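Reading the structure
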Amino acid sequence: MNRIPFTKMHGCGNDYIYINVSQHSIDDPKAVAIKWSDRHKGIGSDGLVLIDKSPVPEADFSMRIFNADGSEAMMCGNASRCIGKYLFEKGLTTKTDIRLLTLSGIKVLSLHIKDNIVERVTVDMGEPAFDVPTQFIASRGLGKGTFVSMGNPHYVIFTENVDQVSETGHSLEYHPAFPQRCNIEFARIEDDGSIRTRVWERGSGVTQACGTGACATAVAAALTGKTGRTSQVVMDGGTLNIEWCESDHSTEGRFFQKNHIYMTGPAEFVFEGEAEL
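A few points on the structure. Note that the coordinates shown come from a computational prediction; the quantities given were computed from them, not determined experimentally. (Residues numbered from 1 in each chain as written. Predicted model: local features only at pLDDT ≥ 70, side-chain atom pairs only at ≥ 80, totals over all residues. Heavy atoms only, no water.)

A closer look at helix α5 (residues 211-223)
Within an α-helix, residues lying three or four positions from one another point in the same direction, as the helix has 3.6 residues per turn. Between the first and last C-alpha of α5 there are 18 Å, a value that for 13 residues agrees with the 18 Å anticipated at 1.5 Å per step. With 12 of its 13 residues buried, α5 lies for the most part within the structure. Among the residues making up α5, those that are buried are G211, T212, G213, A214, C215, A216, T217, A218, V219, A220, A221 and A222. (Helix = DSSP H or I, 4+ residues; strand = E, 2+ residues; numbered from the N terminus. Expected span 1.5 Å × (residues − 1). Buried < 20%, exposed > 50% of the residue type's maximum accessible area, 1.4 Å probe, protein only.)

This is how it looks when you write it as structure tokens:
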């Protein structure tokens, strides 16, 4: 019987199972993600995250992420924050700025530490892209929304009825306008200026939070004039602070680059154990 140590963590309720594959290898991560993510017969999670040493000198560590359905994701903002906390608090690094290699490129994790505990993590999520023209999406019968790529695809719909996520999220994920499927966000501007957002995550369904989804929502809100370039995105599991930098500047000794998106939020340990492959 092959049993593997795991750590379960969450960022704003977006929960994943984390494995240090530099110590414990997994030959079939897709199958393991499906098995372990089952909330009735497994550990229960939105997916599986593999942490490893970086194969390239430009990064310190690498991550791969597999959704609950076994599909591999390009990037996850909440998971990347959890990795920062995992690496520092488990003594795998003493760095407070960690370069993490993902399928969407290298992301820089800036740790906010108090008494050797990582309380929050700011992630440089890079620049947003707009790979699919809005006119094309509208021509496919999707109605009014904004497409934003954060290294993975997002379609943001502003509506008073954000709870329709459960009813229509699946059909929109698989809509013909998105040949690689898509993450879907339903968002509403609140009286205090925050953005209430519910997420249908590609490959996982309704999730408590989505870091790249929060970034995409903030960008869509700024593009459509609903907010400025700094937003609080309130999801089912918690709140993320998003800044879409308008110009280069430094804050608290850290450099922020024009047009990059910076996501700040918490990361938490849930429990640890061993599970059979």
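Describing the state of the cysteines
What the rule picks out here adds up to zero disulfides. Free of any disulfide, C76 has its nearest neighbouring cysteine sulfur in C210, separated by 6.2 Å. A relative accessible area of 2% means that C76 is categorised as buried. Just so you know, C182 is unpaired, no disulfide at all, and the nearest cysteine sulfur is the one on C210, 10 Å from it. Look at C182 and you get buried, because its relative accessible area is 0%. (Disulfide = S-S within 2.5 Å.)

Observations concerning unusual backbone geometry
With a phi angle near 55°, C12 is a residue other than glycine that sits in the positive phi range. Exposure remark for C12: the relative accessible area of 4% places this residue in the buried category. You will see that D115, though not glycine, has its phi angle at about 55°, which is positive. Within the fold, D115 resides in the loop between β7 (105-114) and β8 (117-124). With relative accessibility at 68%, the residue D115 sits in the exposed group.

Quick look at the packing of aromatic side chains
Under the definition given, this model contains five aromatic pairs. Pairing F147 with F178 gives two aromatic rings, centres 6.3 Å apart and planes at 20°, and the pair type is stacked. Linking F147 in strand β9 (residues 146-149) with F178 in the loop between α4 (165-173) and β11 (183-189), this pair joins segments that are 31 residues apart in sequence. Across the pair, exposure class does not vary: F147 and F178 are buried alike. Relative to F178, the ring of Y155 has its centre 5.6 Å away and its plane inclined at 55°; by these criteria the two rings are tilted. (Phe/Tyr/Trp six-rings, centres within 6.5 Å; stacked < 30°, edge-to-face > 60°.)

Overview of the pattern of salt bridges
For side chains bearing opposite charge, pairing can occur when the charged atoms are close. What the rule picks out here adds up to 15 salt bridges. The partner of D15 in a salt bridge is R39, with the nearest N and O atoms 2.8 Å apart. You can see D15 sitting in strand β2 (residues 14-20) and its partner R39 sitting in the loop between α1 (29-37) and β3 (47-53), a full 24 residues away along the chain. For D15, a relative accessible area of 8% translates into the label buried. As a salt-bridge pair, E272 and K90 come within 2.5 Å of each other at their nearest N and O atoms. Of the two residues, E272 sits in strand β19 (residues 268-276) while K90 sits in the loop between α2 (77-89) and β6 (97-102), which places them 182 residues apart along the sequence. We classify E272 as partly exposed; its relative accessible area is 49%. Beyond isolated ion pairs, a larger network of salt bridges with shared partners links K8, D15, R39 and D46. (Salt bridge = Lys/Arg side-chain N within 4 Å of Asp/Glu carboxyl O.)

Here we look at the side chain of R188
By the element assignment, R188 lies in strand β11. Of note is the side chain of R188, whose polar atom sits 2.9 Å from the backbone oxygen of E160. A polar contact is formed between the side chain of R188 and the side chain of E190, at a distance of 3.0 Å. Setting aside residues no more than four positions away along its own chain, R188 makes contact with F158, T159, E160, V162, S194, I195 and R196. (Polar contact = N/O pair within 3.5 Å; in protein donor to acceptor, adjacent residues only side chain to side chain. Contact = heavy atoms within 4.5 Å.)

Keep in mind these numbers describe shape, not what the thing actually does.
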